Each structure stands twice: as C-alpha cells, then as structure tokens.
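What the coordinates show
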Amino acid sequence: MPDTDNRAGAPLAADPELARNPQPTYRSLVESTPAFRMDGIGVVAASRAAADAVLRHPDVFSSNMSAIDLKTRRPLIPMSIDPPAHRKYRKLLDPLFAPQRMKPLEQPVTRLAKELIDGFMDDGEVDFAARFSVPLPSQVFLTMLGLPLEELPRFLEMKDGIIRPQVVVGQPLGHPDTDSHQQATADSIYVYFEKLLDERADVRRDDLMSHFLDAEVEGERLTRDEIVDIGFQLLIAGLDTVTAALDCSFGYLARHPDDRRRIVEHPETIGTVVEELLRWETPVMAVARVATRDDEIGECPIHAGDQVLALIGAANLDDEESPDAGDLRWDRETNRHLAFGGGIHRCLGSHLARLELRVALREWHRRIPDYRVKPGVELDYSPGIRSVDTFPMLLGPDRASLSATE
C-alpha cells in the first residue's frame with residue numbers, strides 16, 4: 001500500500017465526530033487500510049494484526065517520553081518506561097492491582113455505588129457524569145492512593161490539564177496557550193506530590209503512597225523522584241479511564257432498551273456484557289508509540305523516529321480476531337479485546353476497572369432499569385479518551401413511548 005495516506009478527513013483519534021460514533025470508520029479502516037501513514041499523526045495501525053505488532057514489540061515501538069508529550073520532567077512510571085527497567089516497576093505495581101487484591105474492594109465499591117444512586121434515583125433527571133461516572137471511580141481510586149476526596153475538583157482539573165489541555169483551553173494541541181496550560185498543570189502535579197511525600201515521610205497511612213515510601217524493588221528502595229513519577233501516572237490514569245468506560249457503556253445502553261432489559265432480567269451475564277461493551281466502545285481509542293528503527297507494518301514502511309498510533313478501537317472490530325466483530329454479541333465466549341491495551345504495557349488497573357464496571361452495571365440496573373438520554377441532547381465524547389463533560393439522563397419509563405404503544 002502507499003507510504004502516505006492523504007485522504008480528506010480529521011486526524012482520527014483527535015476528531016470529535018469520530019469519538020461520538022467511531023465504529024463505522026473503524027470497520028472501514030480495518031477492511032481497507034490496516035496500516036497507513038497520515039499527515040499530522042504518523043503511522044496508524046488499525047487492524048488487529050497491525051496493532052498487536054506495535055503493542056507487543058517494545059524494542060521497535062517504544063513508549064518513551066517522545067511517544068507522547070505530556071510536559072513531564074521525567075518518564076512516567078510505568079507508562080513511559082521500556083524494558084528492562086519496565087519489568088522492575090511492574091514487579092512492584094502488578095501485585096498491588098492483582099485480582100486477589102481487588103476482590104475485597106467489591107463490598108466498599110458496591111456500598112459507594114448504592115449511596116450515589118440513592119442520592120438521585122427519585123429525581124427523574126440526573127447528570128450521569130457529575131453524579132455517577134466521575135465520583136464512583138474517583139472516590140475508589142483516591143481512597144486507594146490516600147488522597148483527600150474533598151480535593152477531587154482540583155485533581156480533575158489536573159487530569160484534564162494533562163490529558164486534554166486542548167479542550168480546557170479551547171485551542172489545538174501545539175498552540176502556545178495549550179502548551180503553556182499543560183506545562184503549568186504538569187508542574188503543579190509535581191509540586192503536589194512532592195508536598196504529599198513530605199507529609200507521608202513523617203506519618204505513614206494505610207495507602208499506596210505510604211506503601212511506596214517503604215517498598216523495595218530488587219533490594220532497593222524507590223527514590224523520591226520514582227515515587228512522584230508513579231503518583232503522577234496513577235493520578236492521570238486512575239481518574240479518567242473508568243469514567244470514560246462508564247460514559248461509553250451507559251451511553252450505549254441508554255439508547256438500547258432491549259439490551260438494558262437483558263441486563264435487568266439476566267444479571268448473571270453482566271461480566272460478559274462488560275467485556276463486549278469494552279470491545280465495542282473501546283473508551284481509550286488509541287495508544288501512542290515511537291519507532292526506534294526502520295521497520296514495516298502491513299506493507300506500510302516505518303521510519304526510525306516515526307510516531308506510531310495503535311488504533312485499538314479499530315483493532316477491536318477486526319473480524320480476523322473476533323467473528324462478527326461488527327456486531328455486539330452478548331454471548332461472545334472468547335473476547336480477547338484490546339480495550340486495556342496489550343503487551344507489557346497492558347493497563348495496570350484493568351482488574352480494578354472490571355470490578356467497578358461490573359458493580360456499576362449490577363447496582364444501577366437493580367435500582368434503575370429504565371433510563372435514556374434526555375431528548376434533544378447529543379452526547380459529545382472527548383477525542384482520544386472517550387468521556388463526556390455532561391450526560392443529561394432521564395430516569396424511569398419513557399411515558400411518551402408507552403402511550404404510543406397503548
């Protein structure tokens with residue numbers, strides 16, 4: 001195929017319209033151009049085979065700081081660390097987020113979900129984002145990390161200032177105002193965690209930040225900079241991805257009453273539903289890498305220094321991996337989706353995310369079986385990581401639809 005694709009259209013993962021309804025474009029790319037070069041992006045790996053090639057070969061496709069510019073002083077840990085150092089940090093972090101460590105969290109997560117739902121279920125209308133998809137995972141994560149819940153608005157501003165500064169500022173990435181805001185945000189996160197470590201040095205607590213102060217990796221204590229870099233990484237990741245997954249999942253279910261009814265009538269299938277919604281909606285649209293040497297993906301040449309985007313949302317809709325990938329199938333027994341990435345950099349918090357999503361769907365549909373997007377509202381998903389600022393939702397049966405069928 002040609003080295004360069006100059007087709008008309010917005011640059012994929014940065015396109016708001018694509019973020020709103022990505023599946024048709026994803027399917028088209030997988031079928032027609034599994035790997036291609038696009039001006040302003042670099043090389044895009046859209047098929048499952050192409051995405052796997054990027055994710056599973058860190059020696060060729062690096063996650064170092066040049067893969068994505070977040071205005072950080074040092075590589076974030078473990079996201080921006082390649083082997084062999086990456087293995088050392090995952091050896092420390094993986095056990096903290098292992099399935100057996102997450103299982104005891106089901107009861108407190110369930111309690112929190114019920115409390116949140118109790119606060120609005122009789123209102124008739126709710127902003128799902130403000131009242132549920134943001135506070136549920138945020139409170140769980142901040143408690144684990146040992147950060148004060150009352151500072152959640154501040155943490156959310158920090159997260160958005162790093163991940164989506166163009167949305168906050170209203171200027172594109174690369175604009176001086178956007179870069180300045182992102183840099184100032186990054187600097188403020190370093191200041192925050194350095195101050196936090198000063199406090200924890202005197203008084204330990206039962207939280208992850210205190211744990212890191214005493215943890216050893218291969219016989220050595222973590223340095224202060226390493227702990228800060230881990231905290232920075234966990235903050236921006238832990239406050240965004242599960243919220244996006246909830247926005248995407250409930251955005252779909254709010255428009256498909258038959259599928260909502262299936263969850264209500266067969267709650268035992270929720271685990272499978274969660275996996276299929278993750279595959280279909282793929283909240284994190286793509287992950288970035290940088291090529292360390294010349295190579296090739298699907299006949300598309302790769303040059304050393306190229307930015308390479310694994311479009312995992314498209315890869316999840318590839319029939320070569322999942323039969324009938326263009327359809328939602330709640331009975332899909334094998335679901336090797338890439339919603340949490342793949343290879344050595346696979347999402348550290350995937351087990352926690354799955355737990356929160358299962359609890360959220362179970363408790364919500366026990367209490368609120370009927371809901372829908374408020375008429376006249378178009379949900380605007382942010383590009384890259386597909387979350388919404390507001391999600392006006394009506395609760396209870398659709399009286400107008402009921403009257404029309406009587």
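**Digging into the overall build of the chain**
A count of helical and extended segments in the chain gives 19 helices and 12 strands. The C-alpha atoms of the chain give 21 Å as radius of gyration, which agrees with the globular expectation for 406 residues (22 Å, within 12%). Along the first, second and third principal axes, the C-alpha atoms of the chain reach 65 × 60 × 45 Å. Looking at the chain as a whole, 53% of its 406 residues are labelled buried. In the chain, the share of contacts with a sequence separation of at least 24, taken over all contacts with a separation of at least 6, comes to 72%. Total accessible area on the chain stands at roughly 17900 Å², and carbon and sulfur atoms take up 50% of it.

**Quick notes on a negative patch on the surface**
A cluster of acidic side chains, namely D294, D295, E296 and E299, defines a negative patch on the protein surface. Within the element layout of this structure, D295 appears in strand β8 (residues 295-297).

**Observations concerning helix α4 (residues 85-93)**
For α4, the complete set of buried residues consists of H86, Y89, R90, L92 and L93. On an axial view of α4, the arc spanned by its buried residues comes to 155°, and they lie on one face. Turned more than 90 degrees away from the buried face of α4 sit R87 and K91, all of them exposed. Looking at the buried positions of α4, the neighbouring elements they touch are α12 (208-214), β5 (216-217) and α13 (224-238).

**Digging into the sheet that holds strand β4 (residues 125-127)**
One open sheet holds the three strands; their spatial order is β4-β12-β11, and the pairing between them is antiparallel. Edge positions in the sheet fall to β4 and β11 (371-373), since each has one partner strand and no second. For this sheet, the mean angle separating the axes of adjacent strands, direction not counted, is 30°. Sheet analysis places β4 next to strand β12 (residues 392-395), joined by three bridges and oriented antiparallel. Looking at β12, one finds that D127 is bridged to P392.

**Brief notes about the sheet that holds strand β10 (residues 307-310)**
The five strands lie next to each other as β1-β2-β10-β7-β3, forming an open sheet whose pairing is mixed. One side of each edge strand has no neighbouring strand; the edge strands of this open sheet are β1 (35-38) and β3 (61-62). Relative to β10, strand β7 (residues 287-291) runs antiparallel, the two sharing four bridges. Of the residues in β10, the one forming a bridge with V290 is Q307. Lying over the sheet, helix α3 (residues 48-55) contacts β1, β2 (42-45), β3, β7 and β10, oriented at roughly 125° with respect to β10.

**Here's the deal with the pattern of salt bridges**
Inspection of every chain in the model, using the stated rule, returns 38 salt bridges. Notably, a salt bridge pairs D240 with R164, separated by 3.0 Å at the nearest N-O pair. With D240 in the loop between α13 and α14 (241-253) and R164 in the loop between α9 (152-163) and α10 (165-169), the pair connects residues that are 76 residues apart, well separated along the chain. D240 gets classed as buried once you look at its relative accessible area, which sits at 1%. The salt bridge partner of E321 is R336, with a shortest N-O separation of 2.6 Å. Placement of the pair is E321 in the loop between α17 (312-315) and α18 (350-367) and R336 in the loop between α17 and α18, with a sequence separation of 15 residues. When its relative accessible area of 43% is taken as the criterion, R336 is described as partly exposed.

**Considerations on the packing of α14 against helix α16 (residues 270-281)**
Two elements in contact, α14 and α16, have axes whose closest approach is 10 Å; the angle formed by their N-to-C orientations is 95°. As summarised for this structure, α14 and α16 are arranged roughly perpendicular, according to the angle between their axes. Note on element contacts: α16 touches α14 through L277, L278, W280 and E281, opposite A245, C248, S249, Y252 and L253. Residue composition of the contact of α14 with α16, grouped by class: seven nonpolar, one polar and one charged.

**A look at the confidence of the model for the chain**
With 95% of its residues at a pLDDT of 70 or more, the chain shows a mean pLDDT of 92. Here residues 1-10 is a poorly scored stretch, pLDDT under 50, and it has 24 contacts once near neighbours within four places are set aside; other chains count. With pLDDT under 50 throughout, residues 402-406 is counted as low confidence; its partners more than four residues away or in other chains account for one contact.

**Remarks on the side chain of D52**
By secondary structure assignment, the location of D52 is in helix α3. In this view, D52 contacts H57 and L338; residues no more than four positions away in its chain are not counted.

**A look at the pairing of β10**
As paired elements, β2 and β10 share three bridges and run parallel to each other. What sits directly across from V44, in β10, is L309.

**Some remarks on the environment of L395**
One can find L395 in strand β12. For L395, a relative accessible area of 12% translates into the label buried. With 112 residues separating them along the chain, L395 and P283 place their C-alpha atoms 24 Å apart. Setting aside anything within four residues of it in sequence, one finds L395 in contact with F120, M121, G124, V126, W364, I368, D370 and Y371.

Reading guide: rules and limits
Residues numbered from 1 in each chain as written. Predicted model: local features only at pLDDT ≥ 70, side-chain atom pairs only at ≥ 80, totals over all residues. Heavy atoms only, no water. Helix = DSSP H or I, 4+ residues; strand = E, 2+ residues; numbered from the N terminus. Rg over C-alpha atoms; globule rule 2.2 N^0.38 Å. Buried < 20%, exposed > 50% of the residue type's maximum accessible area, 1.4 Å probe, protein only. Contact = heavy atoms within 4.5 Å. Areas by Shrake-Rupley, 256 points an atom, 1.4 Å probe, with all protein chains shown as cover. Patch = residues over 30% accessible without salt bridge, like charges linked within 9 Å, V, L, I, M, F, W, Y side chains within 5 Å. Salt bridge = Lys/Arg side-chain N within 4 Å of Asp/Glu carboxyl O. Lys, Arg positive; Asp, Glu negative; His and termini not counted. Charge placed at Lys NZ, Arg CZ, Asp CG, Glu CD. Arc of directions from axis to C-beta. Pairing = 2+ DSSP bridges. Axes fitted to C-alpha atoms, helices over the stretch in contact; angles between N-to-C directions. Parallel < 35°, antiparallel > 145°, perpendicular 65-115°, else oblique. Nonpolar A, V, L, I, M, F, W, Y, C, P; charged D, E, K, R; others polar. pLDDT = per-residue confidence, 0-100.

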